[in-house]
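# Fold and contact review
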Amino acid sequence: MTDSKVQEIFNMAVQICEDNGYKPVKLIPKCGYTTRQNVYGVCLERRYRNTKEVIYTQVKVNKKFAEKANEQQMLNTLLHECLHSACGADERHGGKWAIAAKTLNDKCGYQLSAKADFEDENGETINTKADKYIIQCKCCGNKWFYSRLSKSVKNPNLYRCGICNGELERIK
């Protein structure tokens, strides 16, 4: 997905939030990219130290997710983050945020949730981490992703699958 397409979907997400009564607070009107590996998106909030007044909020998405996600997945993620901006980033996924997400889900038919596992067109979960190594079970096909060269990555034959007790092999 191109940067301009991500920005277009971001603008749509902001408009949907505003149309439903959830105006993002001092939101920077440009969607950026985050370097965090374990998230699809993030809402950053900057405040003054002494007054705790919000200076600005900014929404960012993971670059790897943006490359693999379809438009609906990107819209769900950006709506999720825009709701954080509207409800307060320290609200997390409870209280105001949960009510806002339920309202948008019921009114507009979105699938906003606190946690999401999106799949690409091949049916595999979109993984945003920088995985260097993949271990797979020879029997059931279950996969484990590693970013460091651990003992189980070096010698997968010493371990068994926790699901079917099958043999493991390193495929990457």
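Anything mentioned here points back to the structure above.
Only a predicted model underlies this, so the values are computations on that prediction, with no experimental measurement involved.

Right, let's talk about the sheet that holds strand E4 (residues 133-137) for a bit. Within the open sheet, the three strands sit side by side as E5-E4-E6. Their pairing is antiparallel. Of all strands in the sheet, those bounded by a partner on one side alone are strand E5 (143-146) and strand E6 (168-170). Put simply, the sheet's adjacent strands are angled 20 degrees from each other on average, direction ignored. Here E4 runs beside E6; their pairing, made up of three bridges, is antiparallel. Each residue of the ladder has a partner; that of Gln136, found in E6, is Glu169.

This paragraph deals with the pairing of E5. One ladder, built from four bridges, connects E4 with E5; its direction is antiparallel. Across the sheet, Ile135 pairs through a bridge with Trp144, a residue of E5. Where E4 hands over to E5, the hairpin turn is made up of five residues, of which Gly141 adopts a positive phi near 80 degrees.

So, about the packing of helix H1 (residues 3-19) against helix H3 (residues 71-87). At their nearest, the axes of H1 and H3 sit 9 Å apart, and the two run at 50 degrees to each other. In terms of orientation, H1 lies oblique with respect to H3. In the crossing of H1 with H3, the sense of the turn from one axis to the other is right-handed. Every residue of H3 that contacts H1 at Lys5, Val6, Ile9, Phe10, Met12, Ala13, Val14, Ile16 and Cys17 is listed here: Glu71, Met74, Leu75, Leu78, Leu79, Cys82 and Leu83. Across the contact of H1 with H3, the residue classes break down as 14 nonpolar, no polar and two charged.

Quick look at helix H4 (residues 95-108) now. Between the first and last C-alpha of H4 there are 20 Å, a value that for 14 residues agrees with the 20 Å anticipated at 1.5 Å per step. Within H4 the residues assigned to the buried category are Trp97, Ala100, Ala101 and Leu104. Along H4, the residues classed as buried sweep out an arc of 100 degrees about the axis, all on the same side. With respect to the buried face of H4, the exposed residues turned more than 90 degrees away are Ile99, Lys102, Asp106 and Lys107.

For Lys52, which is not glycine, the phi torsion reads 65 degrees and is therefore positive. As for its position among the elements, Lys52 is in the loop between strand E2 (41-47) and strand E3 (54-62). The phi dihedral of Asn165 is positive, around 65 degrees, even though this residue is not glycine. The residue Asn165 is located in the loop between helix H5 (151-154) and E6 in this model.

Conventions used here
- Residues numbered from 1 in each chain as written.
- Predicted model: local features only at pLDDT ≥ 70, side-chain atom pairs only at ≥ 80, totals over all residues.
- Heavy atoms only, no water.
- Pairing = 2+ DSSP bridges.
- Helix = DSSP H or I, 4+ residues; strand = E, 2+ residues; numbered from the N terminus.
- Axes fitted to C-alpha atoms, helices over the stretch in contact; angles between N-to-C directions.
- Parallel < 35°, antiparallel > 145°, perpendicular 65-115°, else oblique.
- Left-handed = near helix turned anticlockwise from the far one by under 90°.
- Contact = heavy atoms within 4.5 Å.
- Nonpolar A, V, L, I, M, F, W, Y, C, P; charged D, E, K, R; others polar.
- Expected span 1.5 Å × (residues − 1).
- Buried < 20%, exposed > 50% of the residue type's maximum accessible area, 1.4 Å probe, protein only.
- Arc of directions from axis to C-beta.

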